[in-house]
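# Geometric and topological summary
Letter by letter, the chains look like this.
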Amino acid sequence: MPTLLVIQAHPHIDNSLSLTVGQQFIDSYKAAHPADQVIIRDLYTPEGVPPLNDQTMEAWRKQKFSEKLTADEEQLLNRHASWLTEFIKADKYVFINPMYNHFLPAELKQYLDLTAVAHKTFKYTAEGPVGLLKGKKALHIQAAGGIYHRDGGDPRGDLGDLYLTKMLNFYGVNDVDKLFIEGADAHRDQRQAILDQTLADAKTLAAKF
Ligand SMILES: Cc1cc2nc3c(=O)[nH]c(=O)nc-3n(C[C@H](O)[C@H](O)[C@H](O)COP(=O)(O)O)c2cc1C
């Protein structure tokens, strides 16, 4: 039974374009793949994404030198391990986020830091780094107020998608689909039309994803 992991990197607000398209994709995916498992990993919880901070570095140091961890450090490393295992075990990924300040929300960057672990998602060889998540696929759903990917928009201005795709490729995930909901802030009169078009694209993609 394949598992679809939905990484939801969005604050909990109404009328979000990316969450609306994401929900459409999930509903259509479930209808088309009723036996699959769908897991939603919300990055905007009070506990948040396990961080790479002072406490994590100290816990890793202690682990390396077989020193005794405090209960808090043990709990932190357990959280890291369980989030990483969830990511590795999934067969397909959906990332949902708004564009914030020409990039991904910080929580999603933190999630990519959490999942970039040598010997788990990639390894270094004499020929350079090799991804360990081969054969998996991903979808990036992102809303932006401006236009980057259509009507002559410059995709190099979308650093978030470039970075996410780079990290997925680094993990060995080379099959990366995209659903961009763009220009609804720049062209407010077209908001509904932009949303409707992407909802239709989400339905079509979900059936064959
Ligand atoms: C803090 C903040 C930063 C933003 N930065 C950008 C940006 O750099 N480029 C852009 O095109 N839109 C930017 N926007 C607009 C959002 O990407 C746009 O409103 C999008 O629809 C938000 O996604 P959502 O509808 O799923 O919430 C920004 C919005 C906010 C709130």
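Fair warning: this is a prediction, and the values are worked out from it, not measured in the lab.

## Here we look at the overall build of the protein
Along the backbone of the protein there are six helices and seven strands. For the protein, the sequential pattern of α-helices and β-strands runs β-α-β-α-α-β-α-β-β-β-α-β-α. Scaling as 2.2 N^0.38, a compact globule of 209 residues should have a C-alpha radius of gyration of about 17 Å, and the protein matches this with 18 Å. Relative to its full complement of 209 residues, the protein shows a buried share of 46%. For the protein, restricting intrachain contacts to residue pairs at least 6 apart in sequence, the fraction spanning at least 24 positions comes to 76%. Surface exposure of the protein reaches about 10900 Å², of which carbon and sulfur atoms provide 52%. Placing the 23 positive and 27 negative side-chain charges of the protein at their respective mean positions leaves the two points 6 Å apart.

## Brief notes about the site of the ligand
If you check the shell around the ligand, you find 16 residues, and the closest are His10, Ser16, Ser18, His102 and Asp185. Between a nitrogen atom of the ligand and a main-chain N or O atom of asparagine 101, the distance comes to 2.8 Å. Taken by itself the ligand offers 640 Å² of open surface, and the protein chains cover 72% of this. Going through the elements one at a time, helix 1 (17-32) and strand 6 (137-144) are the ones with two or more residues in the shell around the ligand. Considering only residue class, the shell around the ligand consists of eight nonpolar, seven polar and one charged.

## Quick word on the sheet that holds strand 6
The five strands lie next to each other as 2-1-3-6-7, forming an open sheet whose pairing is parallel. Edge positions in the open sheet fall to strand 2 (37-42) and strand 7 (175-182), since each of these has one partner strand only. If you compare each strand with its neighbour and ignore which way they point, the axes differ by 15° on average. One ladder, built from seven bridges, connects strand 3 (residues 92-98) with strand 6; its direction is parallel. Within strand 6, the residue paired with asparagine 97 across the bridge is glutamine 142. Where helix 5 (residues 159-170) meets the sheet, it contacts strand 3, strand 6 and strand 7, and its direction lies at approximately 165° from that of strand 7. Contacting strand 6 and strand 7, helix 6 (residues 191-208) runs over the sheet at an angle of about 160° to strand 7.

## Points about unusual backbone geometry
A positive phi angle, close to 60°, is found at asparagine 15, a residue other than glycine. Relative to the helices and strands, asparagine 15 resides in the loop between strand 1 (3-8) and helix 1. Look at asparagine 15 and you get exposed, because its relative accessible area is 66%. Residue histidine 119 is not a glycine yet carries a positive backbone phi of 75°. Along the chain, histidine 119 turns up in the loop between helix 4 (106-115) and strand 4 (122-125).

## Concerning the environment of aspartate 196
The topology assignment puts aspartate 196 in helix 6. Taking relative accessible area as the criterion, aspartate 196 reaches 41% and is therefore assigned partly exposed. For aspartate 196 and isoleucine 181, which are 15 residues apart along the polypeptide, the C-alpha to C-alpha distance reads 9.8 Å.

## Quick look at helix 5
For an α-helix, 3.6 residues make a turn, and residues three or four places apart therefore share a direction. Here helix 5 is 12 residues long and its end C-alpha atoms lie 16 Å apart, about the 16 Å a rise of 1.5 Å per residue gives. Considered for burial, the residues of helix 5 that qualify are Gly160, Asp161, Leu164, Thr165, Met167 and Leu168. Buried residues along helix 5 cover an arc of 160° about the axis, so they all sit on one side. Glycine 172 sits one or two residues past helix 5 and shows a positive phi near 95°.

Cut-off values and rules
Residues numbered from 1 in each chain as written. Predicted model: local features only at pLDDT ≥ 70, side-chain atom pairs only at ≥ 80, totals over all residues. Heavy atoms only, no water. Helix = DSSP H or I, 4+ residues; strand = E, 2+ residues; numbered from the N terminus. Rg over C-alpha atoms; globule rule 2.2 N^0.38 Å. Buried < 20%, exposed > 50% of the residue type's maximum accessible area, 1.4 Å probe, protein only. Contact = heavy atoms within 4.5 Å. Areas by Shrake-Rupley, 256 points an atom, 1.4 Å probe, with all protein chains shown as cover. Lys, Arg positive; Asp, Glu negative; His and termini not counted. Charge placed at Lys NZ, Arg CZ, Asp CG, Glu CD. Near = heavy atom within 4 Å. Polar contact = N/O pair within 3.5 Å; in protein donor to acceptor, adjacent residues only side chain to side chain. Nonpolar A, V, L, I, M, F, W, Y, C, P; charged D, E, K, R; others polar. Pairing = 2+ DSSP bridges. Axes fitted to C-alpha atoms, helices over the stretch in contact; angles between N-to-C directions. Expected span 1.5 Å × (residues − 1). Arc of directions from axis to C-beta.

The values reported here are purely geometric and, on their own, carry no functional implication.
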